[in-house]
Protein chains: 2
Amino acid sequence: MRTGIATVCLSGTLREKMQACAIAGFDGIEIFEQDLVTSPLSPEDVRKMAADLGLSLDLYQPFRDFDSVPEELLTANLRRADAKFRLMSRLGMDTVLVCSNVGTASIDDDELRAAQLSRLAGLAADHGVKVAYEALAWGKYVNDYEHAHRLVQTVDHPNLGTCLDSFHILSRDWDTAPIESFNADKIFFVQVADAPKLSMDVLSWSRHYRVFPGEGQFELAKFMGHVVRAGYTGPVSLEVFNDVFRQSDVERTAVDAMRSLIWLEEQSAKWLDANPAAGPAGPAAGGAAASRRRYPMELATLPHVAEPAGFNFAEVRAGDTAALETLLGQLGFTSNGRHRTKNVQLWSMGHARVIINEEPAGGASAGTSAPAISALGFDVDSPVIAAARAQQLKAPAVPRKSQANEEIFQGFAAPDSTEIFLCQGNPDGTAVWTREFGDGLDVAAADRAGDPGTVIDHVNLAQPWQHFDEAVLFYTSALALEPQPFAEVASPTGLVRSQVMLTRDRGVRLVLNLAPLIQQEGATPGAAGTAGTGHRPGYQEHIAFAVDDLVAAARAAQARGLDFLRIPENYYEDLDARFALEPEFLATLRELNLLYDRDADGEFLHFYTATVGSVFFEMVERRGAYDGYGAPNAPVRHAVQYDHLHQQSTA
Amino acid sequence: MRTGIATVCLSGTLREKMQACAIAGFDGIEIFEQDLVTSPLSPEDVRKMAADLGLSLDLYQPFRDFDSVPEELLTANLRRADAKFRLMSRLGMDTVLVCSNVGTASIDDDELRAAQLSRLAGLAADHGVKVAYEALAWGKYVNDYEHAHRLVQTVDHPNLGTCLDSFHILSRDWDTAPIESFNADKIFFVQVADAPKLSMDVLSWSRHYRVFPGEGQFELAKFMGHVVRAGYTGPVSLEVFNDVFRQSDVERTAVDAMRSLIWLEEQSAKWLDANPAAGPAGPAAGGAAASRRRYPMELATLPHVAEPAGFNFAEVRAGDTAALETLLGQLGFTSNGRHRTKNVQLWSMGHARVIINEEPAGGASAGTSAPAISALGFDVDSPVIAAARAQQLKAPAVPRKSQANEEIFQGFAAPDSTEIFLCQGNPDGTAVWTREFGDGLDVAAADRAGDPGTVIDHVNLAQPWQHFDEAVLFYTSALALEPQPFAEVASPTGLVRSQVMLTRDRGVRLVLNLAPLIQQEGATPGAAGTAGTGHRPGYQEHIAFAVDDLVAAARAAQARGLDFLRIPENYYEDLDARFALEPEFLATLRELNLLYDRDADGEFLHFYTATVGSVFFEMVERRGAYDGYGAPNAPVRHAVQYDHLHQQSTA
């Protein structure tokens, strides 16, 4: 599959965009006109630069408001087109995107429209240019890709074809199957964009909220499957207008974009394998994959990984580890000593393992950092294959030093810079590497410590606002986690967007939280504030452990002196009003600072510890088939944590 | 008018919210249930705290999903209501908001609904509670305020009335006139919220994008007029769910909120005056204002100000003034010397006056700050009256020291901390205070310097994201500027939202720009970035001067060696493709780095200077009735400025 991207997807100048696209590995780019108009580079400079960078210049875009106009305006439009076609010659480009008319169309007549497009195609032919005509979802008269295609067929000129843009097609819920019947020679270009399903006007949706494939909710693999079956072999190019990408680091966004196409390519191949064409010859001999190989577009696949079975470990990095050690001990964790060569400790309870890493992060001064979640280990079938997949998906590797006889962890950095390690989990939930701790510790004994049923239930990571969508695609593509519909919960400093990423069997639950901007800006008030107190506690992340009997675990922790997050009395009164709980049960919840939720599937009990650095812990018990995270209780948690931080900052 | 606000409008804890409401001067508050549930304050604490702060507790809210349910669920709902009514007794509150059912309604039967509401009213009566029933815009069966009112009439119980919420009514485009016929005794509560007109699902619109009155596009004065005519005298209370306000400084947002009600009160009185009721007795004797005074709700008015006639001056603060002085001199400005007692210079050209202030800003160290726009002076009819109005609108005053015989400027701080001064403009465009400069300078002579037709055309100020809506209301209410529909322009670091604020005669044009977040976060890349270059130039502001002959002004500036913002050649080729300009004219534009725009009303020529500190200048010529700002050229300007800064930062 030839990969492409429109320069409008990225931030920066045309030069920066082109360089970032080349570094990310794109085959070609679309030149968004405004990026050229605002650039000091001459068309000849751009042509040379593209050649030097190994980028083909696949599409000049957009040319707007051409068709369905009176003759006088058509003449002006042809003059405008002539100027742009001459410019394209200087750029060495041969395909231009012409959008269906939005602004100036006044005559709704397909015959006239075809005649006008025919004149444009004739002019284009004089310049050696091909016109890719696209139905915008909000085109005044032409807003359906089949309509655009019919016009192309009517004109029947070698220099006129159509451009298929997944956004304009899927945002309108048009059926994509008819694409298969299109003549591939008449599909001049294919643009792809994903989007979250939003109910808003399609223009605003298109201009602000498009995302890269895998970051939204469109059925892009199916769209691409039909395109491949049509016989199309040209570029598959991203055209994504997104408010955040436009202000994010250009090189990073280009890599995120490339990852989305690599993933889409694999998903498209899978869709074709799963949906063999019912052609006249029936399914091809040799099975589904052979069927896919009948089509001219080559689709590369990635090393296959199954979803991870569970968390192998969670790691917290800290300079001063005393508070962390105290908390874990009070929760019932056992210290399994230090690593034989590294400055890290292992704490475990059942199959939940927490590593305390005392080595300073790259660049930081030793021993001064406040505790923060720094790494997660996932149990996978084959760490090597999973690492190869992640690497092909352009995940940045983070090799860790290891010595003879030590397990080598395959690691890479997630978008929020959390280190992700791929581990060989034992079927019984133990981990081989634990024997590197505590002078030849008995692995099984270490894993039996504490409540034997304990596991890491979920981990909650705060995401920077620039990289939220990137993180969703990262975990989807590299770790086979599935994004769930997102939720929003109230906190004293704003709404927190919460995106759950799951494996199908719930062995891994990862929660990506997008904290309010004001928290991300740290503890200072707005730059231009003239009034106000300006206390803005930073965001907190946590690791949640699931136990079989939360009340028993809480009582034990209480006996060990655990500093529970104190839940207000008002919460229990509201809980009683909502759920009509047994008085004795309610009294237990109240006594132990437990939170409670219930839905049609089951019940959820949980409690939180105090926070050290930016980390706190949660302990949960799932009853029945409860599949949530106690979201109705999240505002209480946020408010109490805010209150604590606020008291600290004003004390 | 009794003023109120729901705690959900604000950030922080319940204690912080209540304190901020009291400081801002609200009469009462609505307790949003979640704020109480998450609070360590007992209901008795809240009651006492409110009494101490002089706040009445006007409404407990929301009670959801009560009506239109089967008997079994109704029993549970009544039990839930009983618990909440008991809680309200402890709070000393007597009114609860009950929203029409969204989630659990399953029986669409008005008779049953009325019977169920009647039972709720009966239970409420036992507790001394009044139920204000509200039709949510997305209520399953009841989503029209008139429907809710009909149910209230059917039940006819003293403890059941309705709550009118402007958002739920105006978001659905319901006619508000029927409110006048409501029995005032049955309107238990009135909530007001404004909103920008967005085409999206009403629930998302409501939960994220509500704004305070005057910050959106709803006809709230008309809504309030009808409410007043109905005879309602209860609280008018803000209920505004807004993603930004929820994370902004609580005290500042409370003041912004209070300002919106003060302004709404005035606007409502004006609407009543302009729309006298056609009652059986006809318009009241004594004119419109007397007609308004017939209604029981008292509406306070504000000191009246006409819109400002123009800019009196713009002030730039700078430590090192050399670059600024050079730029102004090259543009054709004349130095009029220093102020007799202050460390400021006056530069003028025609009626455009720029003050260079060398005194350090409050708190800053002397003489080190880079040039930045620090103050604007506006010509008003009566500075004292305008200042009184601003003060009543809670604008923070910024008195400036002045000595005997010097003009006293009435000043206050805008939300972005720009200082706004109200000046007595002379009808001929001169300013009396200029005689305080240059040892008894001849005022008229100073103002005649340079091109005599020169004026400040517009000023463009960057706004922090937390205070954009606040700024719109501030200039609307305190300075009588009118917000225009906003535009968005592309820049290399993201979309810039641009909000024009105008006087009707165009004497004042102020452009509020909301820069991309990444710019507001300064020159550092995202906190968790693992890759990328991270060059993020800061945002720039400017002052634009209008001249009669831009080509002549540009030639003169060129002769004086002005450092023009260099416009790329690609721009002129695109300009020619779009407008088919005369070759000679195009050559002039190209030679002088002029930008050009044209629309149905006229033409616009302009150029920009280089930037010093965060300030640059623009010179414009308006031809015909052109009323814009060259928005199609803004991306060029942003790209070139970005390129310059980028080159500086990588040099």
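Since the model is a prediction, treat every value here as computed from it, not as a measurement.

**A word on the sheet that holds strand β13 (residues 372-380) of chain B**
All names here are of chain B.
- Ordered by their spatial adjacency, seven strands build an open sheet running β10-β11-β12-β9-β13-β15-β14, and the pairing between neighbours is mixed. Whereas interior strands pair on both sides, the edge strands pair on one side only; in this sheet they are β10 (334-338) and β14 (410-413). Taking each pair of neighbouring strands and ignoring which way they run, the sheet shows an average axis angle of 25°.
- Inspection of the sheet shows strand β11 (residues 344-349) paired to strand β12 (residues 352-357) by six bridges, in the antiparallel sense.

**Section: helix α4 (residues 71-91) of chain B**
Residue and element names in this part refer to chain B.
- Compared with an ideal rise of 1.5 Å per residue, which puts 21 residues at 30 Å, α4 spans 30 Å between its outermost C-alpha atoms and is within 8% of the ideal.
- Along α4, the residues that are buried comprise L74, N77, L78, R80, A81, A83, K84, F85, L87, M88 and L91.
- Of the residues trailing α4, G92 is marked for its positive phi of about 70°.

**So, the packing of aromatic side chains**
- One pass over the structure, following the stated rule, counts 48 aromatic pairs over all chains.
- Ring centres of F333 of chain A and F545 of chain A lie 4.7 Å apart, and the angle between their planes is 55°; on these two criteria the pair is classed as tilted. Taken together, the residues F333 of chain A in the loop between α12 (322-331) and β10 (334-338) and F545 of chain A in strand β21 (residues 541-546) connect sequence positions 212 residues apart. Across the pair, F545 of chain A and F333 of chain A agree in class, each one buried.
- Measuring from centroid to centroid gives 6.1 Å for F409 of chain B and W433 of chain B, while their planes differ by 85°, and the two rings are edge-to-face. Note that F409 of chain B is positioned in the loop between α13 (383-392) and β14 and W433 of chain B in the loop between β15 (419-424) and α14 (443-448), a separation of 24 residues in sequence. The pair F409 of chain B / W433 of chain B is uniform in exposure class, with both members buried.
- Linked through ring pairs, F313, F409, F421, W433 and F437 of chain A together constitute an aromatic cluster.
- Positioned above the aromatic ring of Y608 of chain A is the side chain of R637 of chain A, whose terminal nitrogen or guanidinium carbon lies 5.5 Å from the ring centre.

**Quick look at the pattern of salt bridges**
- Here the structure, examined in full by the defined rule, presents 56 salt bridges over all chains.
- When the shortest N-O distance is used, the salt bridge between E71 of chain B and R119 of chain B registers 3.0 Å. Placement of the pair is E71 of chain B in helix α4 and R119 of chain B in helix α5 (residues 110-126), with a sequence separation of 48 residues.
- Judged by relative accessible area, which is 39%, R119 of chain B ranks as partly exposed.
- Counted as one network, the salt bridges with shared partners bring together E33 and K84 of chain A together with D574 and R578 of chain B.

**Comments concerning the interface of chain B and chain A**
- Counting residues at the interface gives 73 residues for chain B and 73 residues for chain A.
- In this assembly, chain B packs against chain A so that about 5700 Å² is buried in total across both faces, 50% of it on carbon and sulfur atoms.
- Considering only the surface of chain B that becomes buried against chain A, V37, Q247 and N570 of chain B emerge as the three largest contributors, covering 10% of it.
- Across the chain B-chain A interface, the total number found is six salt bridges.

**Some remarks on the confidence of the model for chain A**
Residue and element names in this part refer to chain A.
- Mean pLDDT over chain A: 90, with 90% of residues reaching 70 or higher.
- In this model, residues 363-367 is a region of pLDDT below 50 whose contacts with residues beyond four sequence positions or in other chains number five contacts.
- The ipTM, which scores confidence in the relative placement of chains, is 0.89 for this predicted complex, and the corresponding pTM is 0.91.

**Remarks on the sheet that holds strand β1 (residues 2-6) of chain B**
Residues and elements named next belong to chain B.
- With respect to topology, eight strands assemble into a closed barrel ordered β1-β2-β3-β4-β5-β6-β7-β8, the strand pairing being parallel. The average angle at which neighbouring strand axes cross in this sheet is 30°, direction not considered.
- Against the sheet, α5 engages β4 (95-99), β5 (130-134) and β6 (160-165), with an angle of about 150° to β5.

**Focus on the relation of the copies chain B and chain A**
- Least-squares fitting of chain B to chain A yields an RMSD of 0.0 Å, with the superposition described by an axial translation of 0.0 Å and a rotation of 180°. Such a combination of rotation and displacement between the chain copies is what one expects of a two-fold axis. Of the C-alpha atoms belonging to chain B, the one lying closest to the rotation axis is found on M200 of chain B, 1.9 Å away.
- With an isologous cut-off of 70% or more, the 100% of interface residues of chain B that recur at the interface of chain A puts this contact in the isologous class.

**Considerations on unusual backbone geometry**
Residue and element names in this part refer to chain A.
- A cis amide bond links Q61 to the next residue, P62, at an omega of -10°.
- Along the polypeptide, P62 turns up in strand β3 (residues 56-63).
- With phi around 50°, D156 is a residue other than glycine that occupies positive phi space.
- By the element assignment, D156 lies in the loop between α6 (145-155) and β6 (160-165).
- Its relative accessible area of 56% is what places D156 among the exposed residues.

Rules of the game
Residues numbered from 1 in each chain as written. Chains lettered and ligands numbered in written order. Predicted model: local features only at pLDDT ≥ 70, side-chain atom pairs only at ≥ 80, totals over all residues. Heavy atoms only, no water. Pairing = 2+ DSSP bridges. Helix = DSSP H or I, 4+ residues; strand = E, 2+ residues; numbered from the N terminus. Axes fitted to C-alpha atoms, helices over the stretch in contact; angles between N-to-C directions. Expected span 1.5 Å × (residues − 1). Buried < 20%, exposed > 50% of the residue type's maximum accessible area, 1.4 Å probe, protein only. Phe/Tyr/Trp six-rings, centres within 6.5 Å; stacked < 30°, edge-to-face > 60°. Lys NZ or Arg CZ within 6 Å of the ring centre and 35° of its normal. Salt bridge = Lys/Arg side-chain N within 4 Å of Asp/Glu carboxyl O. Contact = heavy atoms within 4.5 Å. Buried area = accessible area lost by both parts, 1.4 Å probe. pLDDT = per-residue confidence, 0-100. Least-squares fit on C-alpha atoms with pLDDT ≥ 70 in both.

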